[in-house]
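# Architecture at a glance
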Amino acid sequence: MSLIIYDWDCTLYPYHYVLHNGYDKPNAEIDDTVFLTKMQQLEDIVTHLLTKTRALGHNFIVTYGPHNSIQDKCYKHFSKQFRSFLDRNALFTTCLRYEYSDRELKEKTMVDMMSFENIDRVCIIGDGHHEHAAGVNFRKYLQNTYNRQIELKRIKMKSACTIDEIIIELTNINNNIEAIVMKHGDVEVLENALLLPNYQF
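Residues numbered from 1 in each chain as written. Predicted model: local features only at pLDDT ≥ 70, side-chain atom pairs only at ≥ 80, totals over all residues. Heavy atoms only, no water.

Turning our eyes to something else, we now look at the overall build of the chain. The helix and strand tally for the chain stands at 7 helices and 6 strands. Counting from the amino terminus, helix and strand elements in the chain follow one another as β-α-α-β-α-α-β-α-β-α-β-α-β. Taken as a whole, the chain presents about 9,800 Å² of accessible surface, with 48% of it coming from carbon and sulfur. (Helix = DSSP H or I, 4+ residues; strand = E, 2+ residues; numbered from the N terminus. Areas by Shrake-Rupley, 256 points an atom, 1.4 Å probe, with all protein chains shown as cover.)

This brings us to the environment of threonine 171. Here threonine 171 is to be found in helix H7 (residues 163–182). Since its relative accessible area comes to 29%, threonine 171 is described here as partly exposed. Separated by 127 residues in the primary sequence, threonine 171 and aspartate 44 have C-alpha atoms spaced 10.0 Å apart. (Buried < 20%, exposed > 50% of the residue type's maximum accessible area, 1.4 Å probe, protein only.)

Turning our eyes to something else, we now look at the nonpolar core. Counting 39 residues, the largest nonpolar core has Leu42, Ile125, Ile155, Leu170 and Ile173 as the members making the most contacts within it. Contributing elements (two or more residues each) for this core: strand S1 (2–7), helix H1 (15–20), helix H2 (33–56), helix H4 (80–89), strand S4 (121–126), H7 and strand S6 (187–189). The contacts of leucine 42, once residues within four sequence positions are left out, are Leu12, Pro14, Phe78, Ile166, Ile167 and Leu170. Grouped together as the second largest cluster of nonpolar side chains are 13 residues, Val62, Ile119, Ile124 and Leu152 included. (Core = buried A, V, L, I, M, F, W, Y, C linked by side-chain atoms within 4.5 Å. Contact = heavy atoms within 4.5 Å.)

Looking now at the packing of H2 against H7. Following both chains from N to C, one finds H2 and H7 inclined at 15 degrees, their axes separated by 10 Å at the closest point. The orientation of H2 relative to H7 falls into the category roughly parallel. For the pair H2 and H7, the crossing hand works out as left-handed. Listed contacts from H7 to Lys38, Met39, Gln41, Leu42, Ile45, Val46, His48, Leu49, Lys52, Thr53 and Leu56 of H2 are Ile163, Asp164, Ile166, Ile167, Leu170, Thr171, Ile173, Asn174, Ile177, Glu178, Val181 and Met182. (Axes fitted to C-alpha atoms, helices over the stretch in contact; angles between N-to-C directions. Parallel < 35°, antiparallel > 145°, perpendicular 65-115°, else oblique. Left-handed = near helix turned anticlockwise from the far one by under 90°.)

A word on the confidence of the model for the chain. Confidence along the chain averages 79 in pLDDT terms, with 77% of residues attaining 70 or more. In the predicted structure, residues 96–103 sits below a pLDDT of 50 and forms 28 contacts with residues beyond four places in sequence or in another chain. (pLDDT = per-residue confidence, 0-100.)

The buried fraction of S1 is high, at 6 of 6 residues. Every second residue of S1 is oriented toward a common face, with Ser2, Ile4 and Tyr6 on one face and Leu3, Ile5 and Asp7 on the other, all of them buried. Pairing geometry for S1 and strand S2 (residues 57–62), over 6 bridges, is parallel. Considered in S2, the bridge of tyrosine 6 is made with isoleucine 61. (Pairing = 2+ DSSP bridges.)

Of all 6 residues making up S4, 6 are buried, and the element is well covered by its neighbours. Burial of the side chains of S4 extends over both faces: Arg121, Cys123 and Ile125 are buried on one face and Val122, Ile124 and Gly126 on the other. In this fold, S4 hands off to helix H6 (residues 129–146), which returns the chain to strand S5 (residues 151–156); that crossover is right-handed. (Right-handed = clockwise from strand over helix to strand, strands pointing away.)

This next bit is on the state of the cysteines. Taken as a whole and assessed by the stated rule, the structure comprises 0 disulfides. With no disulfide of its own, cysteine 161 has cysteine 10 as its nearest cysteine by sulfur position, at a separation of 5.8 Å. (Disulfide = S-S within 2.5 Å.)

In this section: the side chain of asparagine 192. Relative to the elements of secondary structure, asparagine 192 occurs in the segment after S6. From its side chain, asparagine 192 meets the backbone nitrogen of leucine 194 in a polar contact 2.9 Å long. When neighbours within four sequence positions are excluded, asparagine 192 is seen to be in contact with Lys156, Met157, Lys158 and Glu169. (Polar contact = N/O pair within 3.5 Å; in protein donor to acceptor, adjacent residues only side chain to side chain.)

The final tally for this structure, using the stated rule, is 7 salt bridges. Of the charged contacts in the structure, one is a salt bridge between lysine 38 and aspartate 164, with a shortest N-O distance of 2.6 Å. Of this pair, lysine 38 sits in helix H2 while aspartate 164 is found in helix H7, placing the two residues 126 residues apart along the sequence. Given a relative accessible area of 16%, lysine 38 falls into the buried group. On the basis of relative accessibility, which here comes to 36%, the residue aspartate 164 falls in the partly exposed class. With a closest N to O distance of 2.8 Å, lysine 153 and glutamate 151 form a salt bridge. Just as lysine 153 is buried, glutamate 151 falls in that class too. Several salt bridges converge on common partners, so that one network encompasses Asp120, Arg121, Glu151 and Lys153. (Salt bridge = Lys/Arg side-chain N within 4 Å of Asp/Glu carboxyl O.)

Next comes the structure, spelled out in structure tokens:
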């Protein structure tokens, strides 16, 4: 069974793009048809990707803020249908965001949210080094807890990327995710997912 951990900001959601274009205001009226069209594209690719990884195991989405902050601020850029899809196909957590030690992982991560005894691989998809370092620690925690080897797959996104780059990266990941997750042994794609077609799995 696989545990697939997605970062939210600048991975599944174009945080910097939204921020720099003023779309983050609580009551902002958005009539930018180009932006709305791109957000629909993003919805479609994230839906395909999370559907694939949900079939492989459990989806977790990590973020700086609590789940309700995503609903209040970020969700307004997505359709109601997509929000409902996310709630059905992924668990949100503020955990795994920082480079926790093993002990802190046990206390602060999503350990209490589900049983991990059937997990044999962890996949981290995100743009920052924090979630990747935390993924390494989480793999170590699982190995120590269950006394068995856990495979680690790490896919690095480009930092502070545009919405177009996020769509391309997620499309590349979607096209390769099953091969990456199911490949025997650890996998590291640490340049950025724009270069993913250059890898052989």
